[in-house]
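Results of the structural survey
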There are 2 protein chains.
Amino acid sequence: MRSVGSAATGPAPSDATARARIRDAAIELFGRDGYAAASVRAIAEAGGASPALVLHHFGSKEGLRRACDEHVVAELFGMNSRVLADGASDDTATLRRTIGELLAHAAQLRPMIDYLGRMLVDPGPTADALFDALVEQSADMIRAGVADGQMHEPGDLDVTALLVTLHGLSNLVLQRQVARRLGGELLSPAVIARLTLPTLELYTRGLYADERVLDAARAALADPTRADRHPTDPQSTDERTPGP
Amino acid sequence: MRSVGSAATGPAPSDATARARIRDAAIELFGRDGYAAASVRAIAEAGGASPALVLHHFGSKEGLRRACDEHVVAELFGMNSRVLADGASDDTATLRRTIGELLAHAAQLRPMIDYLGRMLVDPGPTADALFDALVEQSADMIRAGVADGQMHEPGDLDVTALLVTLHGLSNLVLQRQVARRLGGELLSPAVIARLTLPTLELYTRGLYADERVLDAARAALADPTRADRHPTDPQSTDERTPGP
DNA sequence: CAGCAGACTAAACGATCGTTCAGCCAATCG
DNA sequence: CGATTGGCTGAACGATCGTTTAGTCTGCTG
């Protein structure tokens, strides 16, 4: 199992090369404060180096951002594939091992998750490609689930994959709010335990007890006399869930 | 119907008082570029004023942020309540009217939605209270839905309300990605039409065809020999949806 | 009419930003 | 051994940042 970092139980931040220390510090600060608000000087200090060394290694602040993008994508995206694969197993031992590994690396994962959230919100060079890849992963997962009868066949696979990706990412992008509401870090055992069942409940039973809303929306969409051009959509602005 | 702005069909940006023009320009730029990356000078220019006037009216850049927070929260949150209420109606005419109004004000809404997304990601003074209020609204909606039998009774209402809020906000926070993938603005008729049915499908049928995953997770959570402290959770890191 | 108040601006302040430059130090190599 | 390279630093550059200051103009009030 190639683990989260090339150094899994990993060298303390003071060990690695200065280049790696600067990159990790940049991921931490970019993720916490955003790209614009994190200064080269602050990153250099957090990495135990001089501002000049930062630019010596990465050319410019933008070059540093690209290096962080690449590193975070490589680490998290590789892990995502593996977790998705392992998570597809109904072997509870495999599940438990995967989650255990996640929790064990929580400290190293959290800055990268913060960074990923920023990537997807700020317009960045790598963010769009990453998002597309995640949507494609979701689509593959749904296709596989449908193929062996474990999932419903969605009416619109592309959009459903998009929605599933969005919903999954919302935990990461709004991690601060999740952690605050649930009283612990996102990757803490307590928070994960609290989230697991309601999430799966939502994904297996849905929210609505019957198909009334769905049918009503279908009818409204087919209705040629509809308001502007179409009706009922729950999450369009700040509305999040439809009434019945 | 108190509409989106105190000026619904609204005065062109050049009409309003300079204070309002500056505030609107700030919402636009804060939302598009983030708080740190949007300079007072750029905001002043976009609002057709001098940088000094910005601080004359709002005291400081942080004061301007507070004014924007208040304004956006008042506009969007009020509208959210109304839309949630109207959306709870099974009268298709009401639904159509609500959506039509949303679309009509899309141009005025979009900057505020961008701003709201930034608010929730950056640590800001108002963001936490707003998020809590949204979760509470979701909880109320679920309670009402359960009361009249339109929704399932969730095992953990608080967490389910949190999840529903997160999922709904993901469309707004990651609006850029949604718009890019679906080839149009989030509040455009085409995008809304494309999103509506898959969203409701997910909320009424769920993703999984049976309760296998849910049962497995329940068993694993109860299992005392679980990995670190608990098992199976789908969305913990960058994993978004569980395989069965 | 004088006088005051508030909207508004041009110019400048100090701080901080990203970046550059000249040079030090240690390891490598011929 | 001397020469060279690359990691690394301190000091400084110009640009831009948020903010302040002094002052102008407009419209109201006594």
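It should be emphasised that the depicted structure is a prediction, and the values quoted were computed from it without experimental measurement.

Before going further, it helps to examine the overall build of chain A. Helix and strand counts for chain A come out as eleven helices and zero strands. Beginning at the N terminus, the succession of helices and strands in chain A can be written as α-α-α-α-α-α-α-α-α-α-α. Taking all 244 residues of chain A together, the buried fraction comes to 55%. Considering only residue pairs separated by 6 or more positions, chain A has 60% of its internal contacts joining residues 24 or more positions apart. Entry remark: accessible area of chain A is about 9,300 Å², with carbon and sulfur atoms responsible for 53%.

Our next topic: helix H10 (residues 189-205) of chain B. Residues and elements named next belong to chain B. Taking 1.5 Å of rise per residue, the 17 residues of H10 would be expected to cover 24 Å, and the 25 Å separating its terminal C-alpha atoms lies within 8% of that figure. Among all positions in H10, only Val 191, Ile 192, Leu 195, Thr 196, Pro 198, Thr 199, Leu 200, Glu 201, Leu 202, Tyr 203 and Thr 204 are buried. Of the residues flanking the end of H10, it is Gly 206, one or two places downstream, whose phi is positive at about 80°.

It is worth spelling out the side chain of Thr 160 of chain A at this point. Here Thr 160 of chain A shows up in helix H8 (residues 157-173). Leave out the neighbours within four places in its chain, and Thr 160 of chain A touches Ile 142 and Pro 154 of chain A together with Pro 198 and Leu 202 of chain B.

Here the focus is the nonpolar core. Judged by nonpolar contacts, the single largest core of 133 residues is most densely connected at Phe 30, Ile 43 and Leu 64 of chain A together with Phe 30, Ile 43 and Leu 64 of chain B. Every residue in contact with Phe 30 of chain B, bar those within four places of it in the chain, is listed here: Tyr 35, Ala 38, Ile 43, Lys 61, Leu 64, Arg 65, Cys 68, Tyr 115 and Arg 118 of chain B.

In this section: the pattern of salt bridges. All names here are of chain B. Per the stated rule, a full pass over the model turns up 34 salt bridges over all chains. Between Glu 62 and Arg 65 there is a salt bridge, with the nearest N and O atoms lying 3.3 Å from each other. Taken together, the positions of Glu 62 and Arg 65, both in helix H4 (residues 61-87) and three residues apart, correspond to about one turn of that helix.

Neighbouring residues of DNA strand C: 16 residues in total, closest Val 40, Arg 41 and Lys 61 of chain A together with Ser 50 and His 57 of chain B. Atoms of DNA strand C within 4 Å of the protein belong to the sugar or the phosphate in 45% of instances, the rest to bases. A distance of 2.8 Å separates a base nitrogen of DNA strand C from a polar side-chain atom of Arg 41 of chain A. Where the surface near DNA strand C is concerned, the elements lending two or more residues are helix H2 (40-46) and helix H3 (51-58) of chain A together with helix H3 (51-58) of chain B. Here the surface near DNA strand C takes four residues from H3 of chain B, the largest share from any one element. Residues that form the surface near DNA strand C fall into these classes: eight nonpolar, five polar and three charged.

Between the first and last C-alpha of H8 of chain A there are 24 Å, a value that for 17 residues agrees with the 24 Å anticipated at 1.5 Å per step. In terms of burial, H8 of chain A is a largely internal element, 15 of the 17 residues being buried.

Residue and element names in this part refer to chain A. Running from N to C, helix H6 (residues 106-121) and helix H7 (residues 127-147) cross one another at 105°; their axes reach a closest spacing of 8 Å. As judged from the angle between their axes, H6 and H7 are roughly perpendicular. When H6 is examined against H7, the residues Leu 116, Met 119 and Leu 120 are found in contact with a partner set consisting of Ala 127, Leu 130 and Phe 131. For the contact of H6 with H7, the per-class residue count stands at six nonpolar, no polar and no charged.

With that out of the way, let us pick up the protein's contact with DNA strand D. In the vicinity of DNA strand D lie 16 residues, with Ser 50 and Ala 52 of chain A together with Val 40, Arg 41 and Lys 61 of chain B positioned nearest. In DNA strand D, atoms within 4 Å of the protein come from the sugar-phosphate backbone in 45% of cases. Between a base nitrogen of DNA strand D and a side-chain N or O atom of Arg 41 of chain A, the distance comes to 3.4 Å. The contact in question runs from a phosphate oxygen of DNA strand D to an N or O atom on the backbone of Val 40 of chain B, over 2.9 Å. Ranked by the residues each element gives to the surface near DNA strand D, the list is headed by H3 of chain A, at four residues.

All names here are of chain A. Per-residue pLDDT for chain A averages 84, and the proportion of residues at 70 or more is 81%. Across residues 1-12, where pLDDT falls below 50, the model places 20 contacts with residues more than four positions away in sequence or in other chains. Counting interchain partners and residues more than four positions distant, the pLDDT-below-50 stretch residues 227-244 has 89 contacts. The ipTM, which scores confidence in the relative placement of chains, is 0.86 for this predicted complex, and the corresponding pTM is 0.87.

A separate point is the environment of Arg 96 of chain B. Looking at where Arg 96 of chain B falls in the secondary structure, it is placed in helix H5 (residues 92-104). Residue Arg 96 of chain B is classed as buried on the basis of its relative accessible area of 14%.

Moving on, we come to the environment of Asn 80 of chain A. Examined against the element boundaries, Asn 80 of chain A turns out to sit in helix H4 (residues 61-87). Remark: the alpha-carbon pair of Asn 80 of chain A and Asp 128 of chain A, spanning 48 residues in sequence, is separated by 17 Å.

Conventions and cut-offs
Residues numbered from 1 in each chain as written. Chains lettered and ligands numbered in written order. Predicted model: local features only at pLDDT ≥ 70, side-chain atom pairs only at ≥ 80, totals over all residues. Heavy atoms only, no water. Helix = DSSP H or I, 4+ residues; strand = E, 2+ residues; numbered from the N terminus. Buried < 20%, exposed > 50% of the residue type's maximum accessible area, 1.4 Å probe, protein only. Contact = heavy atoms within 4.5 Å. Areas by Shrake-Rupley, 256 points an atom, 1.4 Å probe, with all protein chains shown as cover. Expected span 1.5 Å × (residues − 1). Core = buried A, V, L, I, M, F, W, Y, C linked by side-chain atoms within 4.5 Å. Salt bridge = Lys/Arg side-chain N within 4 Å of Asp/Glu carboxyl O. Near = heavy atom within 4 Å. Polar contact = N/O pair within 3.5 Å; in protein donor to acceptor, adjacent residues only side chain to side chain. Nonpolar A, V, L, I, M, F, W, Y, C, P; charged D, E, K, R; others polar. Axes fitted to C-alpha atoms, helices over the stretch in contact; angles between N-to-C directions. Parallel < 35°, antiparallel > 145°, perpendicular 65-115°, else oblique. pLDDT = per-residue confidence, 0-100.

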